[in-house]
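Listed here are the chains, written in short residue letters.
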Amino acid sequence: MDYTFHWRPVIRKLPDLLEAALVTLEVAVLSMVIGILIGLALALIRMSGKRSTVWFAVGWIEIARNTPALLQLFFFGFGLGAFGFHLSPYMIVLCGLSFNNAGYLAENFRGGFNAIPDTQYRAARSLGMSAIQAYARIIIPQVFRIVYYPMTNQMVWAVLMSSLGMLVGFRELTGETQFLASKTFRIFEYFLFTAAIYYGLVKIILGASRLIAWRLFRY
Amino acid sequence: MIEIEGVRKSFGPLEVLRGIDLTVRNGEVISIIGASGSGKSTLLYCINGLESIQGGRILVDGEDVHGRDTNLNRLRQRLGMVFQQWNSFPHLTALENVALAPRIVKGKSRAEAREIARAQLEHVGLGDKLDVYPSKLSGGQQQRLAIARALAMEPDYMLFDEATSALDPELVGEVLDTMRLLANEGATMICVTHEMGFARDVSDRVAFVDEGRIEEIGPPSQIFGAAQSEKTQRFLAKVR
Ligand SMILES: Nc1ncnc2c1ncn2[C@@H]1O[C@H](COP(=O)(O)OP(=O)(O)OP(=O)(O)O)[C@@H](O)[C@H]1O
Ligand SMILES: [Mg+2]
């Protein structure tokens with residue numbers, strides 16, 4: 001072992017790395033918001049039991065959960081590209097992550113919905129609430145509590161998964177690290193440093209999640 | 001007035017209601033008794049349109065519950081319902097449980113809805129539990145909360161589906177007392193119940209349901225004193 005660490009070039013590029021970390025966080029958060037909305041819809045479609053649409057939800061969920069996330073990303077990049085739809089690297093990653101999140105979250109939501117007794121819905125309707133009001137005010141808030149921790153995990157997963165963006169030319173944290181490291185040849189230092197940033201990001205997310213849960217779920 | 005005429009209801013091949021006729025006048029308290037599985041809950045669900053029917057019709061103040069053009073969400077505001085499983089909304093405080101529907105269904109302001117909720121919770125003896133979550137309430141308190149929640153919509157009719165049968169014995173009394181209070185205030189009530197004492201003391205008429213039909217209906221003195229149907233007599237002998 002006669003490798004000598006040189007941290008100075010890495011430290012000098014810290015602002016660039018932190019900026020890239022923000023890009024990572026942004027795309028992860030956005031992909032979660034989109035994933036939650038689509039995941040809810042997929043779960044409801046799947047539970048509706050209408051054959052004409054169930055296959056669509058089941059197909060989405062199966063592909064998202066049983067194929068490599070990288071291939072899902074490539075689909076939105078090279079796959080759509082082959083048909084003449086060219087997305088920016090940012091959009092490729094956002095679409096890929098959202099697709100993946102939606103598939104995983106849909107199954108979580110489905111479990112959540114099944115855990116809410118039918119009588120909650122009946123009670124809501126008996127008060128004159130419409131089906132939409134019953135879902136929005138009574139069912140979905142309870143489902144969110146049940147899926148809250150799986151959802152937090154998915155958020156962490158989205159942050160880590162976004163590093164695949166490097167392979168489609170997206171300059172998020174890993175892509176940026178790769179770009180900077182290739183110019184200085186301090187590759188090991190850069191990636192160690194970046195790993196620490198990821199670790200910090202995840203810890204911040206977990207902490208924030210706990211704080212939000214404490215504020216939100218008083219019951 | 002609730003008019004039930006020849007109502008039939010099936011779940012697949014299973015015919016649960018086989019022609020029910022019953023008229024409930026305003027101010028009347030009707031108890032429905034009968035064996036488990038005889039279709040009592042199903043009848044209540046049909047009255048407020050939570051279940052469809054396959055024959056006959058149900059009119060609430062002349063409005064056909066299962067009519068094509070009936071606005072069920074509006075109709076249900078006149079039909080309060082309390083279920084067997086106390087199903088308060090666990091993510092809302094007692095006050096929010098009661099205030100929610102007046103606000104989002106009836107369009108009351110937040111302040112108005114809270115005032116209604118506070119009054120109804122006091123009405124059922126939960127005035128000191130406004131900001132408590134249901135998980136911190138006993139079964140009896142949760143059931144009274146459910147009653148307050150239904151009353152907050154100012155319904156013309158109250159449907160009770162075995163409001164006490166999921167409760168520990170020592171909690172039954174407080175819920176029955178609340179129901180008695182409503183009856184004395186002149187509420188129109190249909191109560192499915194296993195509490196024969198309540199049925200005898202509080203109701204104007206008692207209906208004995210057997211295999212999806214009303215086997216016998218009459219004042220409590222008739223049903224509990226001089227039942228004409230042998231089936232009624234046999235049922236009452238068993239539950240006593
Ligand atoms: N959603 C449903 N699907 C299929 N069968 C049902 C459904 N709801 C009720 N049933 C059946 O209909 C019959 C009547 O049920 P109901 O709940 O009305 O009886 P009940 O008189 O209220 O009995 P209990 O005293 O046990 O509450 C039962 O055989 C029950 O299994
Ligand atoms: Mg029942």
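Residues numbered from 1 in each chain as written. Chains lettered and ligands numbered in written order. Predicted model: local features only at pLDDT ≥ 70, side-chain atom pairs only at ≥ 80, totals over all residues.

## With respect to the overall build of chain A
Consideration 1: Across its full length, chain A carries 10 helices and 0 strands.
Consideration 2: Taken from the N to the C terminus, the helices and strands of chain A come in the order α-α-α-α-α-α-α-α-α-α.
Consideration 3: Put simply, chain A has 219 residues, and 34% of those count as buried.
Consideration 4: Look at the contacts in chain A between residues 6 or more apart in sequence, and 75% of them connect residues 24 or more apart. (Helix = DSSP H or I, 4+ residues; strand = E, 2+ residues; numbered from the N terminus. Buried ≥ 20, exposed ≤ 12 C-beta atoms within 10 Å, placed from the backbone. Contact = placed C-beta atoms within 7 Å.)

## Regarding the overall build of chain B
Consideration 1: Counting its regular elements, chain B contains 9 helices and 10 strands.
Consideration 2: Once the C-alpha set of chain B is aligned to its principal axes, its extents read approximately 55 × 45 × 30 Å.
Consideration 3: Expressed as a percentage of contacts within chain B between residues at least 6 apart in sequence, the contacts between residues at least 24 apart total 63%.

## Notes on the pairing of strand S4 (residues 55-60) of chain B
Residue and element names in this part refer to chain B.
Consideration 1: Across 5 bridges, the pairing between strand S1 (residues 2-11) and S4 is antiparallel. Bridge assignment links Glu3 to a residue of S4, and that residue is Leu59.
Consideration 2: Two elements, S4 and strand S5 (residues 63-64), share 2 bridges in a ladder whose sense is antiparallel. What sits directly across from Leu59, in S5, is Asp64.
Consideration 3: The antiparallel hairpin formed by S4 and S5 contains 2 residues in its connecting segment, where Asp61 sits at a positive phi of about 50 degrees. (Pairing = 2+ DSSP bridges.)

## A few points about the nonpolar core
Consideration 1: Among the nonpolar cores identified, the biggest contains 79 residues, and Ile47, Ala148, Leu159 and Phe160 of chain B are the most heavily contacted of them.
Consideration 2: Among all residues touching Ile47 of chain B, those that are not within four sequence positions of it are Ile2, Ile58, Val65, Leu79 and Leu159 of chain B. (Core = buried A, V, L, I, M, F, W, Y, C linked by C-beta atoms within 7 Å.)

## Notes on helix H5 (residues 139-151) of chain B
Residue and element names in this part refer to chain B.
Consideration 1: If you check H5, its first and last C-alpha atoms are 18 Å apart, about what 13 residues at 1.5 Å a residue would give, namely 18 Å.
Consideration 2: In terms of burial, H5 is largely enclosed, as 12 of its 13 residues are buried.
Consideration 3: All of the buried residues along H5 are Gly140, Gln141, Gln142, Gln143, Arg144, Leu145, Ala146, Ile147, Ala148, Arg149, Ala150 and Leu151.
Consideration 4: Next to the buried residues of H5 lie strand S6 (79-82), helix H3 (94-104), helix H4 (110-123), strand S7 (157-161) and helix H6 (169-184). (Expected span 1.5 Å × (residues − 1).)

## Notes on the site of ligand 1
All names here are of chain B.
Consideration 1: Around ligand 1, the structure places Phe11, Leu14, Val16, Gly34, Ser36, Gly37, Ser38, Gly39, Lys40, Ser41 and Thr42.
Consideration 2: Mapped by element, the contributors of at least two residues to the shell around ligand 1 are strand S2 (14-24) and helix H1 (40-47).
Consideration 3: The element best represented in the shell around ligand 1 is H1, accounting for 3 residues.
Consideration 4: Here the shell around ligand 1 is composed, by residue class, of 3 nonpolar, 7 polar and 1 charged. (Near = placed C-beta within 6 Å. Nonpolar A, V, L, I, M, F, W, Y, C, P; charged D, E, K, R; others polar.)

## A word on the confidence of the model for chain A
Consideration 1: On average, chain A scores 93 in pLDDT, and the residues at 70 or more come to 100%.
Consideration 2: Element-level pLDDT for chain A is lowest in helix H1 (residues 8-12) of chain A, with a mean of 84, against a maximum mean of 96 in helix H5 (residues 89-115) of chain A. (pLDDT = per-residue confidence, 0-100.)

## Describing the sheet that holds strand S3 (residues 29-34) of chain B
All names here are of chain B.
Consideration 1: Reading across the sheet, the 6 strands line up as S6-S7-S8-S3-S9-S10 and stay open at both edges, with mixed pairing between neighbours. The sheet terminates laterally at S6 and strand S10 (213-218), the two strands that pair on one side only. Going across the sheet, the axis of each strand differs from the next one's by a mean of 20 degrees, ignoring polarity.
Consideration 2: In this structure, S3 lies alongside strand S8 (residues 188-192), joined through 4 bridges in parallel fashion. Looking at the pairing, Ile30 lines up with Ile190 of S8. (Axes fitted to C-alpha atoms, helices over the stretch in contact; angles between N-to-C directions.)

## Examining the interface of chain A and chain B
Consideration 1: Facing 18 residues of chain A, the contacting portion of chain B comprises 21 residues.
Consideration 2: For the side of chain A that touches chain B, the secondary structure elements donating two or more residues are helix H6 (118-126) and helix H7 (131-146) of chain A.

## Quick notes on the packing of helix H2 (residues 14-48) of chain A against helix H3 (residues 51-66) of chain A
Residues and elements named next belong to chain A.
Consideration 1: H3 packs onto H2 with a crossing angle of 130 degrees between their chain directions and a minimal axis gap of 8 Å. Comparing their axes, H3 and H2 come out oblique. In this structure, H2 meets H3 at a crossing whose hand is left-handed. Taking contact as the criterion, the partners of Leu42, Ile45 and Arg46 in H2 are, on H3, Thr53, Val54, Phe56, Ala57, Val58, Trp60 and Ile61. (Parallel < 35°, antiparallel > 145°, perpendicular 65-115°, else oblique. Left-handed = near helix turned anticlockwise from the far one by under 90°.)

## Focus on unusual backbone geometry
All names here are of chain B.
Consideration 1: If you check the backbone angles, Asp61 has positive phi at about 50 degrees while not being a glycine.
Consideration 2: Inspection of the secondary structure assignment puts Asp61 in the loop between S4 and S5.
Consideration 3: Of the residues examined, Asp61 has 12 C-beta atoms within 10 Å and is grouped as exposed.

## Remarks on the environment of Ser165 of chain B
All names here are of chain B.
Consideration 1: Within the fold, Ser165 resides in the loop between S7 and H6.
Consideration 2: Sequence spacing of Ser165 and Cys191 is 26 residues, and the spatial spacing of their C-alpha atoms is 12 Å.
Consideration 3: Ignoring sequence-local partners within four residues, the contact set of Ser165 consists of Gln84 and His194.

## Considerations on the sheet that holds S5 of chain B
Consideration 1: On the basis of which strands lie adjacent, the open sheet formed by 4 strands has the order S2-S1-S4-S5 (chain B) and antiparallel pairing. Every other strand in the sheet has two partners, leaving S2 and S5 of chain B as the edge strands with one partner each.

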